[in-house]
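Okay, here's what each chain looks like letter by letter:
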Amino acid sequence: MAPTTTPSSLPPDTRPLVISGPSGVGKGTLYNLLFTRHPSTFVLSVSCTTRSPRPGEVDGVHYRFVTPEQFASLASEGGFLEHAQFGGNRYGTPKSVVEEARDAGKVVVLDIEMEGVKQVKATGVEARYVFVKPPSEEELERRLRGRGTEKEESIQKRLRQAKLELEYADTPGVHDKIIVNDDLERAYKELEEFVYKPREEA
Ligand code: ADP
Ligand code: 5GP
C-alpha cells in the first residue's frame, strides 16, 4: 500500500499522546510511522529504564539506560512524572518531558504501561489516551516472539502482563481511542485520524 502523504503539521489538539498496550502489539511500529510521515511534529518521551539495551537501541534516543541505583535516586528526588515496574525492570517518564515538548512546539508521545497510565491520569496533566490492542492473544505472542528481542522468561512475563493490560483497557472511559493493530496500514490510518481530529469541547 502507498504511504500516507499527509503534509506534516501540528495536529489541532496538541495535548500529550499517551500510547499503551501489551508489549509486542506494535505501539512503537505505529508511532514511528507517525514520526516518519509527519517529521518535526512529534517527539518521543525518552523514558529512563533499568533494563539492558536491545541491539540497535541508543542511549538517550530510545531510552536513558540507568542503573537501579540511579533510577532509585531519580525517583526519590521526585524526578519522574510517573514510574513503574515491568517485567522485572523499572521504567519512568522524566518530569521535564511535557514542558520541553511544549516549549519546542511539538506533541509528545508517551509509550508507557498501565500503572504509568493510571499515574499520569492522577497528576491531572491533560493528555489523550490511546490503547493498542492485538487482533488475538495468539497473534500477540507471534509478534513478541517474531521480534526476537526477548528471552523465554521475559516473553512469559510480558504475556501475563498483557492480560492485565487488556482487562484494564476494558474499563469504560479509560482510553479515548482503542485501535486494533491487525493490518498495519489500516491501524496506522486510524491512529493518524484520531491524532489529527479537532479537539472536542469538554
Ligand atoms: P511494541 O512497541 O508494542 O512492544 P513493536 O512495535 O516492537 O511492539 O512490534 C512488535 C513486532 O510486531 C515487531 O516485530 C513489528 O514489526 C511487528 N508488528 C507490528 N505491527 C504489526 C502488524 N500490524 N502486523 C504484523 N506485525 C506487526
Ligand atoms: P520495553 O521493555 O518493551 O521497551 O517496554 C516494556 C513496557 O514498559 C512497555 O509496555 C512500555 O510501554 C513500558 N514503558 C516504557 N517506558 C515507560 C515509562 O517511562 N513508564 C512506564 N510506566 N512504562 C514504560
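Under the annotation held in an unreviewed UniProt entry, the protein carries the name Guanylate kinase and is attributed to Coniochaeta hoffmannii. In its Sequence similarities (unreviewed entry) section, the UniProt record describing the protein reads: "Belongs to the guanylate kinase family."

Enquirer: Explanation requested: the environment of Gly28 in the structure shown.
Expert: The residue Gly28 is located in helix 1 (residues 27–37) in this model. Classification of Gly28 by relative accessible area gives partly exposed; the value is 22%. In the structure, Gly28 is positioned 78 residues away from Lys106 in sequence and 18 Å away in space, judged by C-alpha atoms.

Enquirer: It is not clear to me how the nonpolar core should be interpreted in this structure. Could you clarify?
Expert: Within soluble globular proteins, side chains that are nonpolar tend to cluster in buried spots. Ranked by internal contacts, the top residues of the largest apolar core, which has 25 residues, are Leu17, Leu34, Phe42, Val109, Val130, Leu191 and Val195. The set of elements that each furnish at least two residues to this core consists of strand 1 (17–20), helix 1, strand 7 (107–111), strand 8 (128–133), helix 5 (137–147), helix 6 (152–169) and helix 7 (184–196). The element best represented in this core is helix 7, accounting for six residues. Setting aside residues up to four positions removed in sequence, Val130 forms contacts with Leu17, Val18, Ile19, Ser20, His175, Lys177, Ile179, Leu191 and Phe194.

Enquirer: Teacher, can you tell me more about the UniProt feature "domain: Guanylate kinase-like" (unreviewed entry) in the protein here?
Expert: Taking the numbering used here, the UniProt-annotated feature "domain: Guanylate kinase-like" (unreviewed entry) corresponds to residues 14–196. Secondary structure within residues 14–196 divides into 43% helix and 22% strand; the distance between the first and last C-alpha atoms comes to 9 Å.

Enquirer: Just to check I follow, could you spell out the site of ligand 1 for this structure?
Expert: In the vicinity of ligand 1 lie 13 residues, with Gly24, Lys27, Thr29, Arg147 and Asn181 positioned nearest. Arg143 has a polar side-chain atom sitting 3.3 Å from a nitrogen atom of ligand 1. Leu184 has a polar backbone atom sitting 3.4 Å from a nitrogen atom of ligand 1. Protein contacts shield 72% of the accessible area of ligand 1, which totals 560 Å² for the unbound molecule. When residues of the shell around ligand 1 are assigned to their parent elements, the largest contribution, three residues, is made by helix 1. Grouping the amino acids of the shell around ligand 1 by side-chain chemistry returns three nonpolar, six polar and four charged.

Enquirer: Looking at this structure, how should I read the site of ligand 2?
Expert: Ligand 2 sits among 16 residues. The nearest are Arg51, Tyr63, Tyr91, Asp111 and Glu113. Thr93 is positioned with one of its backbone polar atoms (N or O) 3.3 Å from an oxygen atom of ligand 2. Relative to its unbound accessible area of 510 Å², ligand 2 is 96% covered by the protein chains. Sorting the residues of the shell around ligand 2 by element identifies strand 5 (80–86) and strand 6 (89–94) as the ones contributing at least two each.

Enquirer: What is the right way to look at the sheet that holds strand 8 in this model?
Expert: Through backbone hydrogen bonds, the strands of a sheet pair up, either in parallel or in antiparallel fashion. Read from one edge to the other, the open sheet built from five strands follows the order 2-7-1-8-9, with strand pairing classed as parallel. Since the sheet does not close on itself, it has two edges, and those belong to strand 2 (42–44) and strand 9 (177–180), each with one partner. Taking the axes of each pair of neighbouring strands and ignoring which way they run, one obtains an average angle of 25 degrees across the sheet. Of the strands in this sheet, strand 1, strand 2, strand 8 and strand 9 touch helix 7, which is tilted by about 165 degrees from strand 9.

Enquirer: Just to check I follow, could you spell out the pairing of strand 7 for this structure?
Expert: Where burial is concerned, most of strand 7 is hidden: four out of the five residues are buried. The pairing of strand 1 with strand 7 spans three bridges and is parallel. Bridge assignment links Ile19 to a residue of strand 7, and that residue is Asp111. Of the strand pairs in this sheet, strand 2 and strand 7 are connected by three bridges, and their pairing is parallel. Looking across to strand 7, one finds that Phe42 is bridged to Val107.

Enquirer: What is the right way to read the pairing of strand 6 from this model?
Expert: Here is the key point about a regular strand: its side chains alternate between the two faces of the sheet. In terms of strand pairing, strand 3 (residues 47–49) meets strand 6 through two bridges, oriented antiparallel. Paired with Thr49 across the strands is Tyr91, a residue of strand 6. As defined by bridge partners, strand 5 adjoins strand 6 across six bridges and the pair is classed as antiparallel. Note on strand 6: the bridge partner recorded for Gln85 is Arg90. Between strand 5 and strand 6, which follow one another and run antiparallel, lie two residues, and Gly87 among them has a positive phi close to 55 degrees.

Conventions we followed
- Residues numbered from 1 in each chain as written.
- Chains lettered and ligands numbered in written order.
- Predicted model: local features only at pLDDT ≥ 70, side-chain atom pairs only at ≥ 80, totals over all residues.
- Heavy atoms only, no water.
- UniProt positions renumbered as here; feature names shortened; annotations may be inferred.
- Helix = DSSP H or I, 4+ residues; strand = E, 2+ residues; numbered from the N terminus.
- Buried < 20%, exposed > 50% of the residue type's maximum accessible area, 1.4 Å probe, protein only.
- Core = buried A, V, L, I, M, F, W, Y, C linked by side-chain atoms within 4.5 Å.
- Contact = heavy atoms within 4.5 Å.
- Near = heavy atom within 4 Å.
- Polar contact = N/O pair within 3.5 Å; in protein donor to acceptor, adjacent residues only side chain to side chain.
- Areas by Shrake-Rupley, 256 points an atom, 1.4 Å probe, with all protein chains shown as cover.
- Nonpolar A, V, L, I, M, F, W, Y, C, P; charged D, E, K, R; others polar.
- Pairing = 2+ DSSP bridges.
- Axes fitted to C-alpha atoms, helices over the stretch in contact; angles between N-to-C directions.

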